[in-house]
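Residue-level structural notes
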Amino acid sequence: MSTPESGPPEGQAETLPAVAPQLRALRRRASLTLEVAARAAGLSPAHLSRLETGQRQPSLPMLLSLARVYGTTVSELLGESAADRDAVVRSGDMEPTPAGGWTYWQAGSPGRGMQALRVRVPHGSQGDIVRVHPGEEWLYVLKGRLRLRLGDSTHLLAPGDSAHFDSLTPHRIAAEDPDGLDLLFVHTLLQSPTAALCLGPHTGEMP
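Calculation rules
Residues numbered from 1 in each chain as written. Predicted model: local features only at pLDDT ≥ 70, side-chain atom pairs only at ≥ 80, totals over all residues. Heavy atoms only, no water. Axes fitted to C-alpha atoms, helices over the stretch in contact; angles between N-to-C directions. Helix = DSSP H or I, 4+ residues; strand = E, 2+ residues; numbered from the N terminus. Parallel < 35°, antiparallel > 145°, perpendicular 65-115°, else oblique. Contact = heavy atoms within 4.5 Å. Pairing = 2+ DSSP bridges. Buried < 20%, exposed > 50% of the residue type's maximum accessible area, 1.4 Å probe, protein only. Arc of directions from axis to C-beta. Phe/Tyr/Trp six-rings, centres within 6.5 Å; stacked < 30°, edge-to-face > 60°. Lys NZ or Arg CZ within 6 Å of the ring centre and 35° of its normal. pLDDT = per-residue confidence, 0-100.

Describing the packing of helix H1 (residues 20–29) against helix H3 (residues 45–52)
For the pair H1 and H3, interaxial distance at closest approach is 7 Å and the crossing angle is 120°. Comparing the axis directions of H1 and H3 gives the class oblique. Within the contact between the two elements, H1 uses Ala20, Pro21, Leu23, Arg24 and Arg27 and H3 uses Leu48, Leu51 and Glu52.

Here you go:
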């Protein structure tokens, strides 16, 4: 029985395209270190390094696992061209997606290196959730006031204010006013569906 890190059967490796450069590029696009990506995919860092340098060819289970981690498809891992995406997203095509008390509207094309969202944050919703994940975030307040906790610092943002930060910094997002707030939200994380990307993991309480 093959192990999680076993390669394809003898004679099968040559049927796969050379994916090493693509694997490295997609990991870097997702802002993941070799160690973090390998752990998420169930591989050792040494094995993933060998895949990225072309010393080993990935099996199909490995491709599926890496595609999930990088938020992409096996086709893109194999270097196949994706279909053209619409550059323009019309407001009438933005379907609201409720999750955890917040409401999201997809404001960009799926499958790209950045995810753009319009977000409605009610007062008192998710204000105790600490988010920590790879990537970068950019926030722009449209309406209401945003209380943003970055590490040990707290910032109050008004309409027209923005913030751009490394999302490995523990952060909290909360509406300051009873009427809630509306914001634009752009981030580079591609590891999960939209709701999970926005909500992030609950890693514990910040003081």
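Remarks on the environment of Asp128
On the secondary structure map, Asp128 appears in the loop between strand S3 (115–121) and strand S4 (136–143). Put simply, Asp128 and Ala174 are 46 residues apart on the chain and 8.3 Å apart in space, counted from C-alpha to C-alpha.

Examining the sheet that holds S4
The strand order across the open sheet formed by six strands is S1-S2-S3-S9-S4-S7, and the pairing between neighbours is antiparallel. Every interior strand has two partners, whereas the edge strands, strand S1 (96–99) and strand S7 (162–166), have only one. Ignoring strand direction, the axes of neighbouring strands in this sheet form an average angle of 25°.

Describing H1
Every buried residue of H1 is listed here: Ala20, Leu23, Leu26 and Arg27. Looking straight down H1, one finds that the buried residues subtend no more than 135° of arc, so they occupy a single side. Turned more than 90 degrees off the buried face of H1, the exposed positions are Pro21 and Arg28. The positive-phi residue at the C-terminal boundary of H1 is Ser31, with phi of around 60°.

Considering the sheet that holds strand S6 (residues 153–157)
Within the open sheet, the three strands sit side by side as S6-S5-S8. Their pairing is antiparallel. A single partner strand is all that each edge strand has here, and the edge strands are S6 and strand S8 (171–175). Neighbour-to-neighbour, the strand axes of this sheet turn through a mean angle of 15°, independent of strand direction.

Points about the packing of aromatic side chains
Overall, the coordinates contain two aromatic pairs when judged by the stated rule. With centroids separated by 6.0 Å and ring planes inclined at 20°, the aromatic side chains of Trp138 and Tyr140 adopt a geometry described as stacked. One cation-aromatic arrangement involves Arg118 over Trp105; the distance from NZ or CZ to the ring centre is 4.2 Å.

Details of the confidence of the model for the protein chain
Looking at the protein chain, the pLDDT average stands at 78 and 76% of residues meet or exceed 70. Here residues 1–17 scores under 50 on pLDDT; set against residues more than four positions off or in separate chains, the count is 25 contacts. Taken together, the stretch residues 190–207 has pLDDT below 50 and engages in 53 contacts with residues farther than four places along the chain or on a different chain.

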